[in-house]
Amino acid sequence: MPAKRIFILNGHPGSASLSRSFAETYARAARAAGHEVRVAHLGDLEFDADFGQASYTDTKPLEPVLETVMRDLSWSNHFVLAMPMWWGGLPAKLKGLIDRSFLPGTTFDTRVTTRLGMPSPLLTGRSARVIVTSDTPGWFQRLMYRNALIHQLRGQVLGFVGIRPARFTWFSGASNPGDGLVDRWARTVEGLGARAC
């Protein structure tokens with residue numbers, strides 16, 4: 001397999017978390033397999049998460065850390081996001097990173113539309129792996145919530161800007177995992193990193 005350029009974003013705002021551990025595990029395995037890897041930890045990034053009163057034509061200037069995130073995403077051909085599901089969605093700071101950084105002219109083009117009338121995606125040629133930790137059991141997420149978080153990320157965020165396919169790995173029971181469960185999850189993540197998928 002040719003070496004990939006992989007950008008990993010730990011989307012948990014805390015300094016220590018399962019998401020951080022999984023991001024680092026994936027990175028180690030991918031590097032050992034010969035892939036180029038860059039890693040960012042959301043908790044280490046200082047920026048204003050509020051899009052505020054700005055508009056697409058009058059945006060806030062990006063902080064240097066957000067410029068680095070976007071350079072790393074542009075550099076990559078595979079994007080890995082490790083994150084918790086909080087209240088059925090993304091942590092606020094992670095959503096703020098997307099709101100602030102995924103802008104017209106960088107990730108999509110409103111002046112050129114697709115056959116469906118949607119803005120043209122500008123981040124095509126990249127795949128994604130999203131590693132989600134949650135307390136919601138997978139079956140409940142599918143049946144009761146209709147995989148809302150997956151639909152949002154796959155279709156309305158990653159797919160919207162051209163990152164596809166986006167594959168998901170879901171670990172539920174994250175607050176109180178049973179004996180050996182975190183180790184099994186880590187081995188799964190290690191395997192994903194070794195295969196860069």
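Residues numbered from 1 in each chain as written. Predicted model: local features only at pLDDT ≥ 70, side-chain atom pairs only at ≥ 80, totals over all residues. Heavy atoms only, no water.

Caption draft 1: Inspection of the overall build of the protein at higher detail. In terms of regular secondary structure, the protein is built from six helices and seven strands. Reading the helices (α) and strands (β) of the protein from amino to carboxyl end gives β-α-β-α-β-α-β-β-β-α-α-β-α. For the protein, whose C-alpha radius of gyration is 17 Å, the value lies close to the compact-globule estimate of 16 Å for 197 residues. In terms of overall dimensions, the protein has a C-alpha envelope of 50 × 40 × 35 Å along the principal axes. Taking all 197 residues of the protein together, 47% fall into the buried category. Taking contacts inside the protein between residues at least 6 apart in sequence as the whole, the part at least 24 apart equals 75%. For the protein, the exposed area adds up to about 10100 Å²; of that, 52% sits on carbon and sulfur atoms. (Helix = DSSP H or I, 4+ residues; strand = E, 2+ residues; numbered from the N terminus. Rg over C-alpha atoms; globule rule 2.2 N^0.38 Å. Buried < 20%, exposed > 50% of the residue type's maximum accessible area, 1.4 Å probe, protein only. Contact = heavy atoms within 4.5 Å. Areas by Shrake-Rupley, 256 points an atom, 1.4 Å probe, with all protein chains shown as cover.)

Caption draft 2: Region of the structure containing the pairing of strand S3 (residues 78-84). Most of S3 is tucked away: seven of the seven residues are buried. Going residue by residue along S3, you find His 78, Val 80, Ala 82 and Pro 84 tucked away on one face and Phe 79, Leu 81 and Met 83 tucked away on the opposite face as well. Pairing between strand S1 (residues 5-10) and S3: five bridges, direction parallel. Bridging across to S3, Ile 6 finds its partner in His 78. Pairing geometry for S3 and strand S6 (residues 126-134), over seven bridges, is parallel. Within S6, the position partnered with Leu 81 by the bridge is Val 130. (Pairing = 2+ DSSP bridges.)

Caption draft 3: Here's a closer look at a nonpolar patch on the surface. Together, Trp 139, Leu 143, Met 144 and Tyr 145 give the surface a local cluster of nonpolar side chains, amounting to about 480 Å² of exposed area. With respect to the helices, strands and loops of the structure, Trp 139 is situated in helix H4 (residues 138-143). (Patch = residues over 30% accessible without salt bridge, like charges linked within 9 Å, V, L, I, M, F, W, Y side chains within 5 Å. Salt bridge = Lys/Arg side-chain N within 4 Å of Asp/Glu carboxyl O.)

Caption draft 4: Here's a closer look at the pattern of salt bridges. This structure, assessed with the given rule, holds seven salt bridges. Linked through salt bridges whose partners overlap, the residues forming this network are Arg 20, Glu 24 and Asp 44.

Caption draft 5: Structural detail: the pairing of S1. Most of S1 sits inside the fold, with five of its six residues counted as buried. Sheet topology note: the S1/strand S2 (residues 36-41) ladder contains six bridges and is parallel. Residue pairing across strands places Ile 6 opposite Val 37, the latter belonging to S2. Handedness of the S1-helix H1 (residues 18-32)-S2 crossover: right-handed. (Right-handed = clockwise from strand over helix to strand, strands pointing away.)

Caption draft 6: Geometry of helix H5 (residues 148-158). If you check which residues of H5 are buried, you get Leu 149, Ile 150, Leu 153, Val 157 and Leu 158. Angular distribution of buried residues about the axis of H5 spans 115°; they occupy a single face of the element. Seen from the buried face of H5, the exposed residues on the opposite side, beyond 90 degrees, are His 151 and Gln 156. For H5, the elements touching its buried residues are S3, helix H3 (92-101), S6, H4 and strand S7 (163-172). (Arc of directions from axis to C-beta.)

Caption draft 7: Broad picture of unusual backbone geometry. Here the residue pair Arg 164 and Pro 165 is connected by a cis peptide bond, since its omega of 5° sits within 30 degrees of zero. Within the secondary structure, Pro 165 is located in strand S7. At Trp 87, a residue that is not glycine, the phi angle is positive and equals roughly 50°. As for its placement among the helices and strands, Trp 87 is situated in the loop between S3 and H3. Classification of Trp 87 as exposed rests on a relative accessible area of 92%.

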